[in-house]
Amino acid sequence: MKISLKYYTIKYLIAVLLLIIAVWAALFYAYILDEVYDNVDDGLKNRKIQIIKAVYFDEKLLKNNEFGFNEFKINPIAASEHKEKNRLYNKMYYMEYDDKDQPYRVLETDFIDQFGKYQKLVIRTSTVEQDELVYDLTTALVVLYILLVISIVAVNGFLLQKAMKPFYVILDKLKKYQFGISSSYGSDNYSIKEFDELNVEINEMIERNELVFHQQKQFIENASHELQTPLAVVINKIDLVIQNEDLDKKNLNFFNDIKNDLRRMTGLNKSLLMLSKIENSQFNKTGNVNFNILIHELLKNYEDFIDYKRITVNVVEKETFETLFDSDLAAILMSNLLKNAVKYNEKNGTINIITEKDRIIFQNTGSGILLDRSQIFNRFYKQGSDQSSTGLGLSIIKTIIKQYPGWDIVYQFDEGMHCFIVSKKY
């Protein structure tokens, strides 16, 4: 699943923060524990000095062989067991109040009493408060982490949203940009250097693209116009030649073939120009189009062509197919579908046009051979050996459909009928 840059950054920031706080907490805990033990050990060493001094003044203390309320005991040892250094360690002792073992810090030291005998002094002090300190410290760190995460998410989210605002403005500009459509994009100045440079580069790129687009558009229009004129002139001259009664049948057929080729070239020129205009989004006046009414109007226009081939046309209006569409493109789309259904139909054939709420179906009889679904919408693909075909009719249809997201056209062959289905998704 894709996420925005803001949450992508926060996600990794939280992960890194968790690692840093965990390491910091471990080091901080070790440091605090060391300080606690250091203070406790200092207290035990101070008590050791005080107890040994007290023993020299009161020999009865040498009989304190078990831990009492003073939390120390003295036991005689052999001279070989005597050690000069203090021994500090942790040990668990039973505590009556809690009825369980509790942690203690213990100091062992050896000394020689006033009678010259070797004694071992063991002093202990409870470290229950130390454990509570560790628990409180851990709780505080967890709360600190939660508060830090919430604060960072909120602050970072706000700052990123504010910092990324120019990016979203630039992105929105790119989304709305279309070739050949003039838009008033001001030369905004952004406080963030990178976004300002990005905006400048994008504006320059748009200007370059617009220049190339207009040059290409102008070239195509000029080339088409320049071709149309000589083609029309040549066709008219051939018509004049054909009307000459001195022509024999062979020459007459020859000129007819030339005339048909020129007409095909004229149709090809017009179709290519149409494709170029559609792909360059020169048809962009969207309005409400009733395709049911449009189909009836086109049937009247093609009435002579339909009657000539003695084709039966059945219009089944299950529902009204009405949607937002460019009216010119809608006329071209339906015209090409109807022309295709008539042109490649057989004499005394049938055409069924079915309108539903979200699709239109064109069915026609004709060749009983399934067409190549992967090729029929490609440019210059011909359905048969018809030399008059430019091979661009279905390509124009597909190009129009591509201009509208959610729209699609598919070809099917069912029970001897060629079916072209135009559908849209809501």
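Residues numbered from 1 in each chain as written. Predicted model: local features only at pLDDT ≥ 70, side-chain atom pairs only at ≥ 80, totals over all residues. Heavy atoms only, no water.

**Digging into the environment of Tyr-308**
Summarising the element assignment, Tyr-308 is placed in helix H7 (residues 303-308). Distance in space between the C-alpha atoms of Tyr-308 and Lys-347 is 8.6 Å, their sequence separation being 39 residues. (Helix = DSSP H or I, 4+ residues; strand = E, 2+ residues; numbered from the N terminus.)

**Description of the sheet that holds strand S8 (residues 350-355)**
Strand-to-strand pairing in sheets goes through backbone hydrogen bonds, with the strands running parallel or antiparallel. In space, the 5 strands of this open sheet follow the order S6-S8-S9-S11-S10, with mixed pairing throughout. Bordering the open sheet on either side are strand S6 (312-317) and strand S10 (407-414), each of which pairs with just one other strand. Pairwise comparison of adjacent strand axes, ignoring direction, gives a mean angle of 15 degrees for this sheet. Looking at chain direction, S8 and strand S9 (residues 359-364) are connected through 5 bridges and run antiparallel. Residue pairing in the sheet places Asn-352 in a bridge with Gln-363 of S9. Helix H6 (residues 291-301) rests against S6, S8, S9 and S10 of the sheet, and its axis sits at about 165 degrees to S6. Along the sheet face, helix H8 (residues 327-343) touches S8, S9, S10 and strand S11 (417-424) and points at about 20 degrees away from the line of S9. (Pairing = 2+ DSSP bridges. Axes fitted to C-alpha atoms, helices over the stretch in contact; angles between N-to-C directions. Contact = heavy atoms within 4.5 Å.)

**Describing the side chain of Glu-356**
As for its position among the elements, Glu-356 is in the loop between S8 and S9. What makes Glu-356 buried here is its relative accessible area of 16%. (Buried < 20%, exposed > 50% of the residue type's maximum accessible area, 1.4 Å probe, protein only.)

**Regarding the sheet that holds strand S4 (residues 118-126)**
Ordered by their spatial adjacency, 4 strands build an open sheet running S1-S4-S3-S2, and the pairing between neighbours is antiparallel. Each edge of the open sheet carries a strand with a single partner, namely strand S1 (72-76) and strand S2 (87-95). Sheet twist, expressed as the mean angle between neighbouring strand axes with direction ignored, is 30 degrees. Sheet topology note: the S1/S4 ladder contains 5 bridges and is antiparallel. Bridge pairing in S4 links Lys-73 to Val-122.

**Quick notes on the pattern of salt bridges**
Proximity of charged atoms lets side chains of opposite charge pair with each other. Under the criterion given, the structure shown has 7 salt bridges. Notably, a salt bridge pairs Arg-105 with Asp-41, separated by 2.8 Å at the nearest N-O pair. Placement of Arg-105 in strand S3 (residues 100-112) and of Asp-41 in helix H1 (residues 5-57) is noted, with a sequence separation of 64 residues between them. Grouping residues by exposure puts Arg-105 and Asp-41 together as buried. Between Lys-318 and Glu-356 there is a salt bridge; the shortest N-O distance is 3.7 Å. Remark: Glu-356 occurs in the loop between S8 and S9 and Lys-318 occurs in the loop between S6 and strand S7 (322-326); sequence separation between them is 38 residues. (Salt bridge = Lys/Arg side-chain N within 4 Å of Asp/Glu carboxyl O.)

**Remarks on the pairing of S10**
Relative to S11, S10 runs antiparallel, the two being bridged by 8 bridges. The residue bridging Tyr-411 from the neighbouring strand is Phe-420, located in S11. Hairpin connection, S10 to S11: the antiparallel pair is bridged by 2 residues, and Glu-415 has positive phi, about 55 degrees.

**So, the side chain of Arg-105**
Residue class for Arg-105 comes out buried when judged on its relative accessible area of 10%. Here Asp-41 takes part through its side chain, which lies 2.8 Å from a polar atom of the side chain of Arg-105. One polar contact links Arg-105 to Asn-90, side chain to side chain, over a distance of 3.0 Å. Sequence-distant contacts of Arg-105, defined by excluding residues within four places in its chain, comprise Tyr-37, Val-40, Asp-41, Leu-44, Leu-88, Tyr-89, Asn-90, Ile-123, Arg-124, Thr-125 and Thr-127. (Polar contact = N/O pair within 3.5 Å; in protein donor to acceptor, adjacent residues only side chain to side chain.)

**Observations concerning helix H3 (residues 165-176)**
Helix length check: H3 (12 residues) gives 17 Å between terminal C-alpha atoms against 16 Å at 1.5 Å per residue, within 8%. Within the sequence span of H3, burial applies to Pro-166, Ile-170 and Lys-173. For H3, the angular spread of the buried residues around the axis is 55 degrees, confining them to a single face. When the buried face of H3 is taken as reference, the exposed residues oriented beyond 90 degrees from it are Lys-165, Lys-175 and Lys-176. (Expected span 1.5 Å × (residues − 1). Arc of directions from axis to C-beta.)

**Section: the environment of Ile-150**
Considering the arrangement of structural elements, one finds Ile-150 in helix H2 (residues 128-163). C-alpha of Ile-150 to C-alpha of Ile-14: the two residues are 136 residues apart in sequence and 9.6 Å apart in space.

**Description of the packing of aromatic side chains**
Enumeration over the complete set of coordinates arrives at 11 aromatic pairs. Pairing Tyr-93 with Tyr-104 gives two aromatic rings, centres 5.4 Å apart and planes at 85 degrees, and the pair type is edge-to-face. Taken together, the positions of Tyr-93 in strand S2 and Tyr-104 in strand S3 put the pair 11 residues apart, joining distant regions of the chain. Exposure remark for Tyr-93: the relative accessible area of 14% places this residue in the buried category. Where Phe-321 meets Trp-407, the ring centres are 5.7 Å apart and the plane angle is 90 degrees; that geometry is what we call edge-to-face. Of this pair, Phe-321 sits in the loop between S6 and S7 while Trp-407 sits in strand S10; the two residues are 86 residues apart in sequence, bridging distant segments of the chain. (Phe/Tyr/Trp six-rings, centres within 6.5 Å; stacked < 30°, edge-to-face > 60°.)

**Focus: helix H9 (residues 393-402)**
The buried count for H9 comes to 7 of 10 residues, which makes it a mostly enclosed element. The complete set of buried residues in H9 reads Leu-394, Ser-395, Ile-396, Ile-397, Thr-399, Ile-400 and Ile-401.

**Things to note about unusual backbone geometry**
Leaving glycine aside, a negative phi is the common case for residues, and trans is the common case for peptide bonds. If you check the backbone angles, Arg-310 has positive phi at about 50 degrees while not being a glycine. Relative to the helices and strands, Arg-310 is located in the loop between H7 and S6. Phi at Glu-415 takes a positive value of approximately 55 degrees, unusual for a residue other than glycine. Topologically, Glu-415 is positioned in the loop between S10 and S11. A relative accessible area of 74% places Glu-415 in the exposed class.

So yeah, pure geometry; function would need other evidence.
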